[in-house]
Amino acid sequence: MELGEIVVTELPNERELYKKDMPRAQDLLWRSGNWIHHSFGYLTGEMNEYGEWMKSKPLIVQLVDWILRGTSQVMFVNNPLSGLIILVGLFIQSPWWMLTGCTGTTVSTLTALALSQDRSSIAAGLHGYNGILAGLLMAVYSDKGDYYWWLLPPVAVISMACPVLSSALGSIFSKWDLPVFTLPFNIVVTLYLAATGHYNPFFPTTLIKPIAAVPNITWSDINVPLLLQSIPVGIGQVYGCGNPWTGGIFLVALLISSPLICLHAAIGSAVGMFAALSIASPFDSIYLGLHNYNCALACIAIGGMFYALTWQTHVLSLACALFCAYSGAALANALSVLGLPVCTWPFCLSALLFLLITSQNPAIYKMPLCQVTHPEANRIYYLRMRRRASESRREEQKRREQEPSDGSGVNSGGTPLCTPKSRHVQNVNMENCVDVKIESKGERMPMKQNPLSTGGKSFCRAVGYLTGDMKDFGTWLKDKPLVIQLLDWVLRGISQVMFVNNPLTGLVILAGLLLQNPWWTLTGCVGTLVSTLTALILGQDRSAIAAGLYGYNGVLVGLLMAVFSADGDYNWWLLLPVALVSMTCPIFTSALSAVFSKWDLPVLTLPFNLALTLYLAASGPHNLFFPTTVIRPAMATPNITWADAEITMLLQSIPVGVGQVYGCDNPWTGGIFLIGLFISSPLICVHTVIGSAVGMLAGLSLATPFSQIYSGLWGYNSSLSCAAIGGMFLALTWQTHLLAMACALFSAYLGAAVTHVLSVFGVPSGTWPFCLSALTFLLMTTNHSGICRLPLSKVTYPEANRAYYLMMKKHEKPCCEA
């Protein structure tokens with residue numbers, strides 16, 4: 001028998017017999033192996049036994065333990081031995097940096113103690129890790145070099161702010177059971193660097209400039225050993241260190257505490273390196289690991305730390321690392337305009353976004369924050385909870401089988417438990433509210449029908465099948481193959497951009513897009529298809545997918561990426577980033593829905609705005625592979641002669657403004673879009689026209705160049721805002737109609753402000769003005785009975801929304817009741 005075999009015994013005394021027959025040498029080896037296993041158990045993981053032993057020691061001794069744990073908590077490790085090894089790596093990199101880092105974590109921990117924060121959190125180092133990062137990065141970005149002793153006072157002051165921010169953010173994020181990550185460090189360091197800058201006489205910082213030209217890259221000059229070396233360097237850059245030996249020491253520290261954290265850190269760093277190569281980043285920045293460290297942190301956070309480790313969450317961690325790399329490039333370009341470094345903003349935003357995902361897939365299990373320890377222990381907890389859930393389901397099934405049938409299986413001829421009429425009354429919605437009214441009136445007298453009346457009713461019934469949200473067609477498709485359903489979902493997603501859930505409208509809009517540009521139509525269809533399939537894979541709500549709510553942001557992403565591409569039409573390589581960026585839309589949608597559900601608000605086109613803005617900021621006009629259109633801020637007063645205004649062009653700008661919702665400037669395309677809207681909802685059609693007209697007038701009131709007004713750039717945000725408020729999310733009354741026009745006007749002026757601000761960063765305004773305006777108006781509270789915000793679960797289309805509002809008003813119920 002080999003030493004590694006597992007002995008399974010049937011009787012208790014067999015194990016004793018085996019022990020007696022075991023040779024003495026083998027017994028000694030077994031005991032020594034067991035002793036080594038227990039010894040490693042004391043040093044790995046969280047070293048709980050050591051922590052319990054330290055509780056009775058003096059405060060100074062405990063403080064050393066807390067500082068070491070805070071040092072390692074940067075990498076999600078709660079282990080003083082790992083912290084000690086990380087300090088050794090920092091000392092190899094720079095003794096001065098190690099000193100400023102230790103000063104930061106000591107002051108931060110003592111401040112948390114003085115503020116009477118949770119003692120267990122302090123003991124776990126959760127109030128120290130932001131302090132060490134603040135101290136390290138203030139030394140890294142100091143232009144005074146090493147051993148500038150006057151830097152220690154601002155390090156102490158800035159580090160004192162970390163536990164304050166941690167506590168404040170923790171109280172907010174607890175609503176969603178989210179960690180604060182390194183957000184306190186990002187906030188304090190960004191504020192410090194913005195307050196001092198390169199030209200400060202006391203504390204000058206490193207000068208950071210934005211990219212001003214296309215980088216000169218020769219692919220034959222690439223150095224493969226340096227690329228591989230960038231993986232440990234990327235781990236070191238989490239602490240601001242560029243020494244590969246330091247990064248290797250950090251990996252050893254992670255391996256001691258948690259091999260899974262070590263593995264995911266290395267994988268995330270490698271993903272960041274490949275992502276940087278894919279967007280033609282300069283080799284020097286890749287060799288320094290500047291594209292890797294955020295990805296390493298993101299991969300650890302999702303791959304077993306805050307999600308229980310399964311193969312699904314492992315793949316999700318890779319996706320998060322990839323998203324983190326590209327969003328990091330976007331934020332680096334944007335912040336460089338302000339002369340600021342990117343720090344760990346990409347990691348925080350990416351990890352929080354992925355942790356906000358709600359999925360019906362049981363393998364994507366988000367750990368309760370109070371149960372998070374380290375990946376190995378987290379997986380054990382997940383498996384135990386899954387086993388308990390399966391056992392409870394089994395017991396419930398047995399209990400149901402043992403219970404008597406209560407006569408529900410066989411009809412004995414008596415009165416049924418629920419009459420058809422009672423079932424009908426319980427399911428009150430916009431479609432059957434009229435039927436309920438008719439049933440309560442009693443029987444009607446038979447009336448002789450003439451052929452003309454019968455034909456008119458048939459025509460109205462046929463039109464009813466094509467208008468609204470075509471619910472009957474959607475029900476008929478439910479038992480059809482997935483490919484046919486997918487076609488319906490894609491068409492509904494295309495029309496949902498304009499708040500319309502109608503595949504026929506989506507088909508008409510698709511015809512308008514083909515008239516504008518077949519290439520844009522292709523990229524838009526790819527975007528909505530990929531976005532819908534991603535939502536399906538992530539286990540999102542099937543009814544929301546079927547309604548196109550996970551596709552409309554994808555179609556906008558695909559269209560606008562083609563519109564702003566500087567390479568022109570039919571650059572087939574563009575389909576790859578279109579697919580990748582569209583995959584992020586359902587992630588944004590799920591995460592934002594989890595946040596906005598607290599106020600029962602829709603996400604609107606915020607996922608599209610976030611995805612497109614990050615893509616355009618990451619690539620920019622100087623990108624080697626995917627250059628974008630140059631956008632510059634206004635530098636001079638426009639030369640406007642009012643006599644040159646053309647009334648016909650101004651009127652034409654109204655349908656053009658509707659077309660610009662999809663990035664189209666052809667008036668015929670805008671007219672086709674209006675026909676598509678009219679088929680589904682005449683009220684949406686009317687409000688989009690009114691909104692576009694209001695935007696055009698607002699543009700004239702600010703003396704905007706006529707060319708911008710003629711191209712509809714002032715109409716599309718106002719058009720969407722007017723449709724959203726005028727009957728879509730607020731029940732249509734004359735009060736909400738006026739409110740819709742006010743929202744359209746506010747959106748137009750806000751659009752001018754947002755356009756000027758974002759043009760500084762070389763990014764278009766997208767539909768940010770619409771989202772901000774509509775959400776502002778939807779958050780408004782009033783006691784006016786004529787202004788009724790509908791529950792999100794009841795929103796369909798304006799005509800049905802008004803029918804629901806009138807029904808609730810007749811029964812003297814508040815329309816906000818779900």
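Above this note sits the structure.
Keep in mind that what you see is a predicted model, and the values were worked out from it rather than measured.

## Quick word on the environment of Asn361
Reasoning step 1: Considering the arrangement of structural elements, one finds Asn361 in the loop between α17 (345–355) and α18 (375–402).
Reasoning step 2: Along the backbone, Asn361 and Gln540 are 179 residues apart, and their C-alpha atoms lie at a distance of 8.3 Å.
Reasoning step 3: Discounting residues that sit within four places of it in the chain, Asn361 has contacts with Gln312 and Gly539.
Reasoning step 4: Here the side chain of Asn361 touches Ala363 through a polar contact of 3.0 Å, landing on its backbone nitrogen.

## Looking at the nonpolar core
Reasoning step 1: Ranked by size, the top nonpolar core spans 176 residues in total, and within it Phe76, Phe181, Tyr239, Phe347, Phe499 and Tyr662 carry the most contacts.
Reasoning step 2: Setting aside anything within four residues of it in sequence, one finds Phe499 in contact with Leu604, Ile684, Leu720, Ala723, Ala724, Met728, Phe729, Phe770 and Thr796.

## Considerations on the side chain of Asn801
Reasoning step 1: Secondary-structure assignment places Asn801 in helix α37 (residues 798–810).
Reasoning step 2: There is a polar contact of 2.8 Å between the side chain of Asn801 and the backbone oxygen of Met728.

## Here's the deal with a nonpolar patch on the surface
Reasoning step 1: Taken together, the side chains of Val214, Trp219, Leu624 and Phe625 present a nonpolar region at the surface, about 330 Å² in accessible area.
Reasoning step 2: With respect to the secondary-structure elements, Trp219 resides in the loop between α10 (183–196) and α11 (224–236).
Reasoning step 3: Taking relative accessible area as the criterion, Trp219 reaches 37% and is therefore assigned partly exposed.

## Looking at the packing of helix α4 (residues 59–72) against helix α6 (residues 95–114)
Reasoning step 1: Packing of α4 against α6 leaves a shortest axis separation of 10 Å and a crossing angle of 120°. One element, α4, and the other, α6, form an angle in the oblique class. Crossing geometry of α4 relative to α6 is assigned as right-handed. Note on element contacts: α6 touches α4 through Thr105, Thr106, Thr109, Leu110 and Leu113, opposite Leu59, Leu63, Trp66 and Ile67.

## Focus: the state of the cysteines
Reasoning step 1: Tallied over the entire structure, the rule returns zero disulfides.
Reasoning step 2: The thiol of Cys295 is not disulfide-bonded; the next cysteine sulfur, from Cys324, is found 4.7 Å away.
Reasoning step 3: Looking at the unpaired Cys343, the closest cysteine sulfur is the one in Cys348, lying at 9.7 Å.
Reasoning step 4: Cys343 sits in the buried class, given a relative accessible area of 5%.

## Points about helix α31 (residues 667–680)
Reasoning step 1: An ideal rise of 1.5 Å per residue puts 20 Å on 14 residues; α31 measures up with 21 Å between its terminal C-alpha atoms.
Reasoning step 2: Three or more residues of α31 are buried, namely Thr669, Gly670, Phe673, Leu674, Gly676, Leu677 and Ser680. Axial view of α31: buried residues confined to an arc of 160°, hence all on one face. Of the exposed residues in α31, those oriented more than 90 degrees away from the buried face are Trp668, Ile675 and Phe678.
Reasoning step 3: Lining the buried residues of α31 we find α24 (503–516), α30 (647–659) and α32 (682–701).

## Overview of helix α8 (residues 129–140)
Note: α-helices contain 3.6 residues per turn, so residues at a spacing of three or four share the same orientation.
Reasoning step 1: Taking 1.5 Å of rise per residue, the twelve residues of α8 would be expected to cover 16 Å, and the 17 Å separating its terminal C-alpha atoms lies within 8% of that figure.
Reasoning step 2: Within α8, eleven of the twelve residues are buried, which leaves it mostly tucked inside the rest of the structure.
Reasoning step 3: Restricting attention to buried positions, one finds in α8 the residues Tyr129, Asn130, Gly131, Ile132, Leu133, Ala134, Gly135, Leu136, Leu137, Met138 and Ala139.
Reasoning step 4: For α8, the secondary structure elements touched by its buried residues are α4, α5 (80–93), α6, α9 (152–173) and α10.

## What about unusual backbone geometry?
Reasoning step 1: Unlike most non-glycine residues, Phe76 shows phi in positive territory, near 65°.
Reasoning step 2: Considering the arrangement of structural elements, one finds Phe76 in the loop between α4 and α5.
Reasoning step 3: Positive phi is not limited to glycine here, since Phe499 has a value of about 65°.
Reasoning step 4: Positionally, Phe499 belongs in the loop between α23 (482–495) and α24.
Reasoning step 5: When its relative accessible area of 9% is taken as the criterion, Phe499 is described as buried.

What counts, and at which threshold
Per chain, residue numbering runs from 1 following the sequence as it is written. Only residues with pLDDT of 70 or above have their local features reported here, since the model is predicted, and side-chain atom pairs are shown and tallied only from 80 upward, although totals for entire chains, interfaces and linings are computed over all residues. Side-chain measures here rest on the full set of heavy atoms in the structure, leaving out hydrogens and waters. Starting at the N terminus, helices and strands are each numbered in turn, a helix being any DSSP run of H or I of at least four residues and a strand any DSSP run of E of at least two. Pairs of residues are marked as contacts when any of their non-hydrogen atoms sit within 4.5 Å. Think of a polar contact as two N or O atoms within 3.5 Å of one another; within protein, one of them needs to be a possible hydrogen donor and the other a possible acceptor, and neighboring residues in sequence only count if both atoms come from side chains. In these notes, a set of buried Ala, Val, Leu, Ile, Met, Phe, Trp, Tyr and Cys residues joined through side-chain atoms within 4.5 Å is what counts as a nonpolar core. To sort residues, take the accessible area from a 1.4 Å probe on protein chains only and compare it with the maximum for the residue type: under 20% means buried, over 50% means exposed, and anything in between is partly exposed. The patch calculation keeps residues exceeding 30% relative accessible area without a salt bridge and links them within 9 Å when they carry like charges or within 5 Å when they are nonpolar (Val, Leu, Ile, Met, Phe, Trp, Tyr). The method behind every accessible area is Shrake-Rupley, applied with a 1.4 Å probe, and residues are considered shielded solely by the protein chains displayed. Think of a salt bridge as a Lys or Arg side-chain nitrogen and an Asp or Glu carboxyl oxygen that are within 4 Å of each other. Helix axes are fitted only over the stretch in contact, all axes being lines through C-alpha atoms; the angle between N-to-C directions runs from 0 to 180 degrees. Angles are sorted into four bins: roughly parallel if under 35 degrees, roughly antiparallel if over 145, roughly perpendicular if 65 to 115, and oblique for all others. Note: crossing handedness is left-handed where the near helix turns anticlockwise from the far helix by less than a right angle, and right-handed where it turns clockwise. Working definition: a disulfide is two cysteine sulfur atoms within 2.5 Å of each other. Each residue after the first adds 1.5 Å to the expected span of a helix. Working note: the arc is built from the helix axis to C-beta atom directions.

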